[in-house]
Number of protein chains: 2
Amino acid sequence: MERRRRQVDARKQEQLDPASASGEGPGLIDTDVHNDFAAREDLLPYLPKVWHAQWLAVGTGVGSPYYSPVGVLRRDAGPERGGPPGSDPHYLLRDHLERFAIDYAILTGAGILEMSLNPDCDYANAAVSAYNDYLLEQWLPASPRFKGSIVVNHADPAAAAREIDRLGGHPDLVQVIMCSGARTLYGQRCYHPIYEAAQRHGLPVAFHPGTEGRGVAGAPTPSGYPSRYMEWHNALPGNYMAHLNSLVCEGVFEKYPELRIVAIEGGIGWLPHLMWRMDKNYKALRDSVPWLRELPSTYLRRHVYLTTQPIEEPQEPEHLAQIFRMCGAEDRVMYASDYPHWDFDPPKFALASLPREMRAKVRSANAAALYGLTGRPPAGGRGGASHAD
Amino acid sequence: MERRRRQVDARKQEQLDPASASGEGPGLIDTDVHNDFAAREDLLPYLPKVWHAQWLAVGTGVGSPYYSPVGVLRRDAGPERGGPPGSDPHYLLRDHLERFAIDYAILTGAGILEMSLNPDCDYANAAVSAYNDYLLEQWLPASPRFKGSIVVNHADPAAAAREIDRLGGHPDLVQVIMCSGARTLYGQRCYHPIYEAAQRHGLPVAFHPGTEGRGVAGAPTPSGYPSRYMEWHNALPGNYMAHLNSLVCEGVFEKYPELRIVAIEGGIGWLPHLMWRMDKNYKALRDSVPWLRELPSTYLRRHVYLTTQPIEEPQEPEHLAQIFRMCGAEDRVMYASDYPHWDFDPPKFALASLPREMRAKVRSANAAALYGLTGRPPAGGRGGASHAD
């Protein structure tokens, strides 16, 4: 029953975009899959002993005052063997990658990204390094279809750069990732060592939302704290707009011309407005940003990638197509499911809402180019018999 | 009550004759004109003596760390008799209203809105009351084409409500105004007395940007302070998105169903995204906002007015028309010049960028309906031959 449903899902997916079934390049790529650890104990083998008691007692130490009435994790995605959704590599392969015929999943972590917002940088540095080693040993060997993200502590940029240098040569680590909650904006000079290291290794730097207002981060809006989870969640893209604005205005893309930014899970509909406002102001105020040599929107178009989940859902689907055309996003948007979070989008849903001519790029080509995924996964990958149920 | 009847009459008139500009209704209305005082001394006759020394020494006491390389005021708008641009009612009439054939100007003040961000509420209450009395005595009698905004200190909502009760019956005071920089979001319960008083008097409540990050306000972005004026200015709409999100999610428009909000000078292009994101999240998370009886976008469409300056300027003008259609903004957008600020838009410029079928509404009908401006200004108003250039 379960197997049949997955087969049907996969077949529907291939019908949606027949190119995926026939081509030589990779098929569907999911750019936001949250792998979790089953228990805090899982990180202990990789964490210096001095931090064990703290990690077991408080974890990242970065809580949230908001409560989602539908939960944060999908209730139907718990592994058979127990543990939270996303914590069993083999179950995740079956429950998500095989069900939806996904060739590659970019693993973005869970329960660790907010580490940058703990006030103790030493503790944060140790915890993210432990997580990265755990990822390398426990997840990446489980399947060639898993690609990992190097989690860094953005509050200690020199240490973050060292972590990128330590791991940036691993062929299955395809990007750097940090939470978007922060005390200062991402264009500011303190962060440049992170971008320098990422560029040195040819790795994109991804942001992930959901930590706004947590730990030592600023309030989630310029006027303080929303009252409830829904209102807080509605407001998250405001921080993305602020970070991208900062990256452009501070000249980061002139200083690091090969840097690419991935703005995960922040929506897309605000991008045309941001481009237009920045370009308009630039025409009058460019004296204050003399390092910029092109319109601000040009940098956004060239350097920033976005992911689909949670894609906006206008009543008129044509409106979304218009938004994409306004910001030239067809080469910059990548499919993401956000598995196993409550607002998960299956590929059929996310891709069907896009203009037909964009679907092949969004489902695969844009992510393949960004992450250097040139072919289908090796045997043992998609449909690999050893893990099939 | 009287005012509300006038507004209903104006709306009926508009339905009968949508091309109100050509009929008996008012012509061009400018909804954001900054009247200034020539010197701090101008307010002393209206300010209790205990505050004189403080007002003369520090004014609002709310500075800004940002410097605009083109200045904040138009260099060509200084009155012949001296004083800053916008400080001479008669010069403003000639230099702006007569030059552009403007029937009514909604005066939005200058050098006073940020008073809400001074830490001392008693001082702030006294200063805004003094400004309002100065406006009544020095500006509104100068021309029937001037309509005023009651400035309130939003940090002391009970005092703000008393100020609205004190002045709300004046026929030439057509709205309440407060700066958008704040410590807490505008849907939160502390502010409800302001909305209750505004609704009682049939007055819209306007927000004006530019105080983000100043005085006791929160940082201008969820990740702290932009580095320079241009970057700060690019980010201002983020606070509008947060306030509108808060007003809807907190149920303010259910509690005060006749309340109308005017989001001055914040742009428009972000509105479709905000509507779609709020509606999407509402479908999953509405348990947490049980007081909402309609989709969030419905409240925004019904209760929120926007002004044109600074209108977004996409390279393809059709993109702006698409944005308007996405958010149903044709009945909610009003022309604004922002005179005499650096980014001033003359009417021809602002209106030419709009879809043709919207222009009559934006130039006049929407503001006429909102502010209850049913006819042409009395003699001595528009077209005074002596001052025509």
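Note that the coordinates shown come from a computational prediction; the quantities given were computed from them, not determined experimentally. (Residues numbered from 1 in each chain as written. Chains lettered and ligands numbered in written order. Predicted model: local features only at pLDDT ≥ 70, side-chain atom pairs only at ≥ 80, totals over all residues. Heavy atoms only, no water.)

Caption draft 1: Just the overall build of chain A, in detail. Looking only at helices and strands, chain A features 15 helices and eight strands. Since a compact globule built from 389 residues should have a radius of gyration of about 21 Å, the 20 Å found for chain A is in line with a globular shape. Its C-alpha atoms give chain A principal-axis dimensions of roughly 65 × 55 × 40 Å. Out of the 389 residues belonging to chain A, those deemed buried represent 64%. Averaging the locations of the 40 positively and 46 negatively charged side chains of chain A gives two centres separated by 3 Å. (Helix = DSSP H or I, 4+ residues; strand = E, 2+ residues; numbered from the N terminus. Rg over C-alpha atoms; globule rule 2.2 N^0.38 Å. Buried < 20%, exposed > 50% of the residue type's maximum accessible area, 1.4 Å probe, protein only. Lys, Arg positive; Asp, Glu negative; His and termini not counted. Charge placed at Lys NZ, Arg CZ, Asp CG, Glu CD.)

Caption draft 2: How the structure looks around the nonpolar core. Ranked by internal contacts, the top residues of the largest apolar core, which has 244 residues, are A:Trp55, A:Phe146, A:Tyr195, B:Trp55 and B:Tyr195. The contacts of A:Tyr195, once residues within four sequence positions are left out, are A:Met178, A:Tyr186, A:Val205, A:Leu247, A:Val252, A:Tyr256 and A:Leu259. (Core = buried A, V, L, I, M, F, W, Y, C linked by side-chain atoms within 4.5 Å. Contact = heavy atoms within 4.5 Å.)

Caption draft 3: Up close: the packing of aromatic side chains. Residues and elements named next belong to chain A. Here the structure, examined in full by the defined rule, presents 27 aromatic pairs over all chains. An angle of 85° between the planes, with centres 6.0 Å apart, marks the rings of phenylalanine 37 and tyrosine 134 as edge-to-face. Separated by 97 residues along the polypeptide, phenylalanine 37 in the loop between strand 1 (28-33) and helix 3 (52-58) and tyrosine 134 in helix 5 (residues 121-139) bring together distant segments of the chain. Residue tyrosine 134 is classed as buried on the basis of its relative accessible area, which comes to 4%. In this structure an aromatic cluster arises from ring pairing among Phe37, Tyr46, Trp55, Tyr131 and Tyr134. For the cation-ring pair, arginine 74 lies above phenylalanine 344, with the distance from its terminal atom to the ring centre recorded as 4.2 Å. (Phe/Tyr/Trp six-rings, centres within 6.5 Å; stacked < 30°, edge-to-face > 60°. Lys NZ or Arg CZ within 6 Å of the ring centre and 35° of its normal.)

Caption draft 4: How the structure looks around the packing of helix 8 (residues 237-249) of chain B against helix 10 (residues 271-285) of chain B. Residue and element names in this part refer to chain B. At their nearest, the axes of helix 8 and helix 10 sit 11 Å apart, and the two run at 35° to each other. For the crossing formed where helix 8 meets helix 10, the hand is right-handed. Listed contacts from helix 10 to Met241, Leu244, Asn245, Val248 and Cys249 of helix 8 are His273, Leu274 and Met278. Class assignment of the residues belonging to the contact of helix 8 with helix 10 gives a composition of six nonpolar, two polar and no charged. (Axes fitted to C-alpha atoms, helices over the stretch in contact; angles between N-to-C directions. Left-handed = near helix turned anticlockwise from the far one by under 90°. Nonpolar A, V, L, I, M, F, W, Y, C, P; charged D, E, K, R; others polar.)

Caption draft 5: View of the relation of the copies chain A and chain B. Between chain A and chain B, which share one sequence, the superposing operator has a rotation angle of 180° and an axial displacement of 0.0 Å; the RMSD is 0.1 Å. With respect to symmetry, the two chain copies, as superposed, fit the operation of a two-fold axis. Here 100% of the contact residues of chain A are again contact residues in chain B; the copies associate through an equivalent surface. (Least-squares fit on C-alpha atoms with pLDDT ≥ 70 in both.)

Caption draft 6: Molecular detail of the sheet that holds strand 6 (residues 261-263) of chain B. Residue and element names in this part refer to chain B. Strand order in the open sheet made by the eight strands is 1-2-3-4-5-6-7-8, with parallel pairing throughout. Every interior strand has two partners, whereas the edge strands, strand 1 (28-33) and strand 8 (333-334), have only one. Pairing of strand 5 (residues 205-208) with strand 6, which is carried by three bridges, proceeds in the parallel orientation. Considered in strand 6, the bridge of alanine 206 is made with valine 262. (Pairing = 2+ DSSP bridges.)

Caption draft 7: Up close: helix 6 (residues 157-167) of chain A. Along helix 6 of chain A, the residues that are buried comprise A:Pro157, A:Ala159, A:Ala160, A:Ala161, A:Glu163, A:Ile164 and A:Leu167. Looking at the buried residues of helix 6 of chain A, the elements they touch are helix 5, strand 3 (146-151), strand 4 (173-179) and helix 7 (192-200) of chain A.

Caption draft 8: Quick peek at the interface of chain A and chain B. Every contact between the two is made by 69 residues of chain A and, on the other side, 69 residues of chain B. Summing both partners gives a buried area of about 5600 Å² for chain A against chain B, and 60% of it is carried by carbon and sulfur. Between the two partners, chain A and chain B, sit six salt bridges. The salt bridge involving A:Glu250 is made with B:Arg228; its shortest N-O contact spans 3.2 Å. Here chain A and chain B share 30 residue pairs in polar contact (both at pLDDT 80 or more) between them. At the level of elements, helix 8 (229-235), helix 9 (237-249), helix 11 (271-285) and helix 13 (317-327) of chain A are the ones that each hand at least two residues to the side of chain A that touches chain B. Residues of the side of chain A that touches chain B, tallied by class, amount to 33 nonpolar, 24 polar and twelve charged. (Buried area = accessible area lost by both parts, 1.4 Å probe. Salt bridge = Lys/Arg side-chain N within 4 Å of Asp/Glu carboxyl O. Polar contact = N/O pair within 3.5 Å; in protein donor to acceptor, adjacent residues only side chain to side chain.)

Caption draft 9: Spatial organisation of the pattern of salt bridges. Across all of its chains, the model carries 36 salt bridges over all chains by this definition. Each of A:Asp133, A:Glu163 and A:Arg166 takes part in a single network of salt bridges with overlapping partners.

Caption draft 10: Region of the structure containing the sheet that holds strand 8 (residues 333-334) of chain A. All names here are of chain A. Taken together, the eight strands give an open sheet; going across it, the order is 1-2-3-4-5-6-7-8, and neighbouring strands pair in parallel fashion. Strand pairing shows two members of the sheet lacking a second neighbour, strand 1 and strand 8, which therefore form its edges. Where strand 1 and strand 2 (residues 102-107) come together, four bridges link them in parallel fashion. Residue pairing across strands places valine 33 opposite leucine 107, the latter belonging to strand 2.

Caption draft 11: A look at the confidence of the model for chain A. All names here are of chain A. Taken as a whole, chain A shows an average pLDDT of 92; of its residues, 91% reach a score of 70 or greater. Counting interchain partners and residues more than four positions distant, the pLDDT-below-50 stretch residues 13-22 has 20 contacts. Predicted confidence for residues 381-389 stays below pLDDT 50, and this span has 21 contacts to residues more than four positions away or in other chains. The complex model carries a pTM of 0.92, and its ipTM stands at 0.91. (pLDDT = per-residue confidence, 0-100.)

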